[in-house]
Amino acid sequence: MNVPQADLTGVIITASVAILVAVITAVAGKLYEQHLKILDELRTKKAPIYEQHLAIFFKVLLAPKITGKALNQEEAATAFAGVAEQMIVWGSPDVIKAWNNFKAVAQTAQGADLLEGIFKAMRKDLGHEDKDLNKGDLLRLFVNDLPAGPMQ
């Protein structure tokens with residue numbers, strides 16, 4: 001059986017392309033799988049850090065309601081310094097930006113909006129899709145005097 005050279009070349013090229021596509025697909029799949037594994041491991045490590053950050057927020061913000069007296073400036077500064085240290089290692093860019101925006105206006109009326117921005121950035125970083133949460137929903141978990149319904 002004598003196969004023409006052109007047919008043989010076509011078969012070899014087709015087989016080579018098929019093998020190349022299979023190898024590229026397998027490698028890309030493994031790389032994507034590895035990427036997802038890394039993201040999952042990061043989320044697993046970030047969750048306790050973010051929980052600790054939230055505990056500090058609540059300790060500082062709710063101390064007057066819980067203990068009857070606010071934390072002094074030194075206690076609050078010490079608590080938030082620990083947050084900043086961990087933010088360098090674990091905070092996503094969105095969380096770091098939200099934290100810095102909050103710090104810049106923490107004592108103003110805009111501070112509450114930015115605090116909620118930190119919470120949303122943390123939740124997003126952990127994989128939550130909060131499309132059904134309205135502005136103020138996270139703040140209402142601990143702020144009692146916010147009006148009901150979506151905030152402007």
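A brief look at the structure comes next. (Residues numbered from 1 in each chain as written. Predicted model: local features only at pLDDT ≥ 70, side-chain atom pairs only at ≥ 80, totals over all residues. Heavy atoms only, no water.)

**Concerning the packing of helix α2 (residues 73-90) against helix α3 (residues 93-105)**
Interaxial distance between α2 and α3 falls to 11 Å at its minimum, and their mutual angle equals 150 degrees. As the angle between them shows, α2 and α3 are arranged roughly antiparallel. Along this stretch, α2 crosses α3, giving a crossing that reads as left-handed. Contact with α2, carried on its side by Phe 80, Val 83 and Met 87, involves Val 95, Ile 96 and Trp 99 of α3 and no other residues of that element. Here the residues of the contact of α2 with α3 are counted per class, giving 6 nonpolar, no polar and no charged. (Axes fitted to C-alpha atoms, helices over the stretch in contact; angles between N-to-C directions. Helix = DSSP H or I, 4+ residues; strand = E, 2+ residues; numbered from the N terminus. Parallel < 35°, antiparallel > 145°, perpendicular 65-115°, else oblique. Left-handed = near helix turned anticlockwise from the far one by under 90°. Contact = heavy atoms within 4.5 Å. Nonpolar A, V, L, I, M, F, W, Y, C, P; charged D, E, K, R; others polar.)

**A word on the packing of aromatic side chains**
Summed over the entire model, instances satisfying the criterion amount to 3 aromatic pairs. The interplanar angle of 75 degrees and the centroid separation of 5.8 Å between the aromatic rings of Phe 57 and Phe 119 together place this pair among those described as edge-to-face. Residue Phe 57 is found in helix α1 (residues 5-67), and its partner Phe 119 is found in helix α4 (residues 111-125); the two are separated by 62 residues along the sequence. For Phe 57, a relative accessible area of 1% puts it in the buried group. One aromatic cluster in this structure is built from Phe 57, Phe 58, Trp 99 and Phe 119. (Phe/Tyr/Trp six-rings, centres within 6.5 Å; stacked < 30°, edge-to-face > 60°. Buried < 20%, exposed > 50% of the residue type's maximum accessible area, 1.4 Å probe, protein only.)

**Quick notes on the nonpolar core**
Core analysis: the largest hydrophobic core is formed by 24 residues, its most contacted members being Phe 57, Phe 80, Trp 99, Phe 102, Leu 115, Ile 118 and Phe 119. Listing elements by their share of this core, those giving two or more residues are α1, α2, α3 and α4. For this core, the leading source of residues is α4, giving 6 residues. Excluding its chain neighbours within four sequence positions, the residues that come into contact with Trp 99 are Phe 57, Phe 80, Val 83, Met 87 and Ile 118. (Core = buried A, V, L, I, M, F, W, Y, C linked by side-chain atoms within 4.5 Å.)

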